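# Residue-level structure breakdown
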Amino acid sequence: MTTTRLPARAAAHSLADAGSFTELPSPAGQSPPDGPLAWSGYDDSRARATARTGEGESVVTGTARFGGAEATVISFEFGFLGGSLGERTGDRLEAAYAHARAHRLPLVSLIATGGSRMQEGMLALTQLQRVARQCVLTRAAGLPQLAVLRDPTTGGGWATLGAGADVVLALPGAQVGFAGSRVRPADADPAAYTAEGQFAAGHVDAVVDPAELPGTLADWLRVLAAPRTGGPVEPPAALADVPPPATGWDAVLRSRHPDRPHAGAYLDAYFALRLPLSGDRAGGRDPGMLCGFGLREGRAVAYAAQCGTATRPAGYRTAARVVRLADRLGIPVLTLVDTPGAANDAAAERAGAGPAIADAFAALAAATVPVTTLLIGEGGSGGALALAAPGNTWVTPDSYFSVIAPELAAAILKRPPQAAPATADQLRLRPQDLVDLGVARGVVRPAGEAGGS
């Protein structure tokens with residue numbers, strides 16, 4: 001099964017629950033002969049498109065269920081003038097967004113478009129402003145927007161419904177880019193204009209095999225429709241059954257042990273289902289930052305988790321993006337802190353390490369939903385603190401948190417390298433020290449043990 005070049009209705013039916021798609025009425029609207037520009041032959045072109053596709057416009061809108069969860073659906077008909085946007089297309093899109101808000105439904109867009117309709121000139125291009133306004137209104141209403149990028153997704157459709165969605169899924173091999181194939185520079189790298197290229201650049205959350213797409217959409221809508229409750233989520237249980245470290249240096253060595261449990265293991269143990277979000281929407285991805293949404297005991301929870309590597313600017317921006325999305329949707333957040341610190345190489349500085357860290361601090365500081373943090377390994381300076389919830393941070397017994405790594409502290413203080421262990425003690429960075437200092441609320445224990453969170 002493929003949805004890359006399916007007709008609009010077939011694409012919707014292939015993804016939705018059987019028999020659940022119901023078309024929305026088309027808004028009344030009339031165009032002058034040959035459109036607003038009196039483009040010779042435009043009416044004939046539209047008539048031929050209707051005869052070929054059976055559709056009166058380049059989008060079909062309706063409602064459908066995905067895994068039982070209802071959503072408003074926009075499906076593009078690429079066979080109708082290349083899925084291009086004109087005034088009447090804008091009418092249908094606006095009405096679909098309004099229906100989603102009126103009925104408190106998420107919006108799913110199945111996109112296949114070549115851009116704005118030339119035969120309607122600037123009036124076609126201004127439909128992008130209409131769509132952007134509807135996207136903003138729907139975002140302000142706290143409703144999620146999901147996009148599926150089919151082949152092709154180019155021009156204004158990509159730059160509004162596609163890239164403007166909260167969750168962006170793409171089909172393998174789909175052409176995705178603002179520039180269509182006929183208007184790119186002759187020497188442009190074609191890989192940059194693919195779903196895979198956009199994923200690598202941090203603009204797409206996942207490239208999903210067609211056979212898996214119905215289940216993926218259903219899972220996303222199930223998570224985003226899960227009940228919200230007001231309180232913070234509990235921190236995960238510790239995965240290592242070890243006593244508190246005797247010295248600061250013991251804490252450092254334990255947190256750096258290669259066999260220590262890392263973020264992936266904690267997330268797998270915590271969530272019954274988790275769905276990834278990837279990329280900072282600014283040209284970068286950080287494999288050392290796992291972000292997304294999941295189900296915990298039937299409750300939706302967003303997560304951002306460091307994986308023990310030096311966090312790149314793209315990682316902080318991705319985490320901030322997820323925290324802000326969770327805040328808008330009213331979903332609590334879990335962060336897992338584990339990094340020796342922020343990446344500090346020249347590439348990281350050029351990519352905006354400082355602004356990216358500031359953005360992560362700001363996202364957590366502004367969040368109105370509860371945020372829970374668990375320190376699961378190294379807590380290296382501000383690069384770790386940027387993901388820590390003020391007043392609701394917990395620690396595992398195989399972790400440490402420090403204003404600076406003890407080796408670096410010794411170097412700054414002009415001490416010999418062998419003074420690092422003694423410096424670690426002075427820094428009071430052990431889990432139990434963090435609780436005594438009021439930085440952490442408590443040391444979590446393995447599941448089922450007394451004395452845990």
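Up top is the structure these notes are about.
Residues numbered from 1 in each chain as written. Predicted model: local features only at pLDDT ≥ 70, side-chain atom pairs only at ≥ 80, totals over all residues. Heavy atoms only, no water.

### Concerning the overall build of the protein chain
Secondary structure summary: the protein chain contains 17 helices and 15 strands in total. Its C-alpha atoms give the protein chain a radius of gyration of 25 Å, within 12% of the compact-globule value 22 Å for 453 residues. Over its C-alpha atoms, taken along the principal directions, the protein chain stretches across nearly 85 × 45 × 35 Å. Buried residues in the protein chain amount to 53% of all 453 residues. Sequence-distant contacts in the protein chain: of pairs separated by 6 or more residues, those separated by 24 or more amount to 72%. For the protein chain, the accessible area works out to roughly 18000 Å², and carbon and sulfur atoms hold 57% of it. Put simply, the protein chain has 39 plus and 42 minus side-chain charges, and the middle of one group is 3 Å from the middle of the other. (Helix = DSSP H or I, 4+ residues; strand = E, 2+ residues; numbered from the N terminus. Rg over C-alpha atoms; globule rule 2.2 N^0.38 Å. Buried < 20%, exposed > 50% of the residue type's maximum accessible area, 1.4 Å probe, protein only. Contact = heavy atoms within 4.5 Å. Areas by Shrake-Rupley, 256 points an atom, 1.4 Å probe, with all protein chains shown as cover. Lys, Arg positive; Asp, Glu negative; His and termini not counted. Charge placed at Lys NZ, Arg CZ, Asp CG, Glu CD.)

### Examining helix α1 (residues 8-15)
For α1, the complete set of buried residues consists of A8, A11, A12 and L15. Down the axis of α1, the buried set is contained in an arc of 95 degrees. They therefore lie on one face. Taken together, the buried residues of α1 touch β2 (59-66), β3 (69-76), β4 (107-113), β5 (145-154) and α8 (213-224). (Arc of directions from axis to C-beta.)

### Points about the nonpolar core
The biggest cluster of nonpolar side chains holds 67 residues, and the ones touching the most others in it are F66, L217, W220 and F293. Looking at which element gives the most residues to this core, the answer is helix α11 (residues 313-329), with 8 residues. If we ignore the near neighbours within four places in the chain, the residues touching W220 are L146, V167, L169, L275, P276, L277 and F293. I74, L85, A96 and A147 belong to the second largest nonpolar core, which has 25 residues in total. (Core = buried A, V, L, I, M, F, W, Y, C linked by side-chain atoms within 4.5 Å.)

### Observations concerning the packing of aromatic side chains
A complete count under the given rule lists 3 aromatic pairs for this structure. Arranged with centres 5.1 Å apart and planes meeting at 85 degrees, the rings of Y270 and F271 form a pair that is edge-to-face. Overall, the relative accessible area of 7% leaves F271 in the buried class. Aromatic rings pair up to connect Y270, F271 and Y303 into one cluster. The aromatic ring of Y193 is capped on one face by R184, whose charged end is 3.9 Å from the ring centroid. Stacked on the ring of Y270, the Lys or Arg R296 has its end atom at 4.1 Å from the ring centre. (Phe/Tyr/Trp six-rings, centres within 6.5 Å; stacked < 30°, edge-to-face > 60°. Lys NZ or Arg CZ within 6 Å of the ring centre and 35° of its normal.)

### Details of unusual backbone geometry
What you tend to see is this: most non-glycine residues have negative phi, and most peptide bonds are trans. A cis amide bond links D151 with the next residue in sequence, P152, at an omega value of -5 degrees. The backbone of A38 shows a phi angle near 50 degrees, a positive value even though the residue is not glycine. If you check the backbone angles, S381 has positive phi at about 60 degrees while not being a glycine. Tracing the chain through its elements places S381 in helix α14 (residues 381-385).

### Topic: a nonpolar patch on the surface
A surface patch of nonpolar side chains, amounting to about 350 Å² of accessible area, comprises L37, W39 and M118. Within the secondary structure, W39 is located in the loop between β1 (22-23) and α2 (42-53). (Patch = residues over 30% accessible without salt bridge, like charges linked within 9 Å, V, L, I, M, F, W, Y side chains within 5 Å. Salt bridge = Lys/Arg side-chain N within 4 Å of Asp/Glu carboxyl O.)

### Focus: the pattern of salt bridges
In this structure the tally under the stated criterion is 25 salt bridges. Residues R274 and D268 are paired through a salt bridge, measuring 3.0 Å at the closest nitrogen-oxygen approach. Several salt bridges converge on common partners, so that one network encompasses R88, D91, E94 and R130.

### Here's the deal with the pairing of strand β9 (residues 273-277)
Every second residue of β9 is oriented toward a common face, the buried set being L273, L275 and L277 and the non-buried set R274 and P276. Two elements, β9 and strand β10 (residues 289-296), share 5 bridges in a ladder whose sense is antiparallel. Counterpart to L273 in the pairing with β10 is L295. (Pairing = 2+ DSSP bridges.)

### Some remarks on helix α5 (residues 127-140)
In an α-helix, one turn spans 3.6 residues; hence positions three or four apart end up facing the same way. For α5, which comprises 14 residues, the first-to-last C-alpha distance of 20 Å matches the rise-based estimate of 20 Å (1.5 Å per residue) to within 8%. Looking at the buried side of α5, the elements it contacts are α3 (87-102), α4 (121-125), β5 and α6 (155-162). (Expected span 1.5 Å × (residues − 1).)

### Some details on the side chain of R92
Take R92: it is sitting in helix α3. Notably, R92 is buried but unbridged: the nearest opposite-charge side chain belongs to E23, and the N-O separation is 4.9 Å. If sequence neighbours within four positions are ignored, R92 has contacts with S26, P27, G56, E57, V59 and T61.

### Section: the environment of P172
Inspection of the secondary structure puts P172 in the loop between β6 (167-170) and β7 (176-177). C-alpha separation for the pair P172 and D151, spaced 21 residues apart in sequence, amounts to 9.1 Å.

### Focus on the state of the cysteines
Inspection of every chain in the model, using the stated rule, returns 0 disulfides. Of all cysteine sulfurs, the one in C291 lies closest to C307, which takes part in no disulfide; the gap is 9.0 Å. (Disulfide = S-S within 2.5 Å.)

### Digging into the pairing of β3
Where burial is concerned, most of β3 is hidden: 7 out of the 8 residues are buried. Where β2 lies against β3, 8 bridges are found, and the strand directions are antiparallel. Across the sheet, residue F66 finds its bridge partner in β3, namely A69. Linking two consecutive strands that pair antiparallel, namely β2 and β3, is a turn of 2 residues; a positive phi of about 60 degrees is found at G67 within it. Bridge count for β3 against β4 is 4 bridges, and the pairing is parallel. Paired with S75 across the bridge in β4 is L110.

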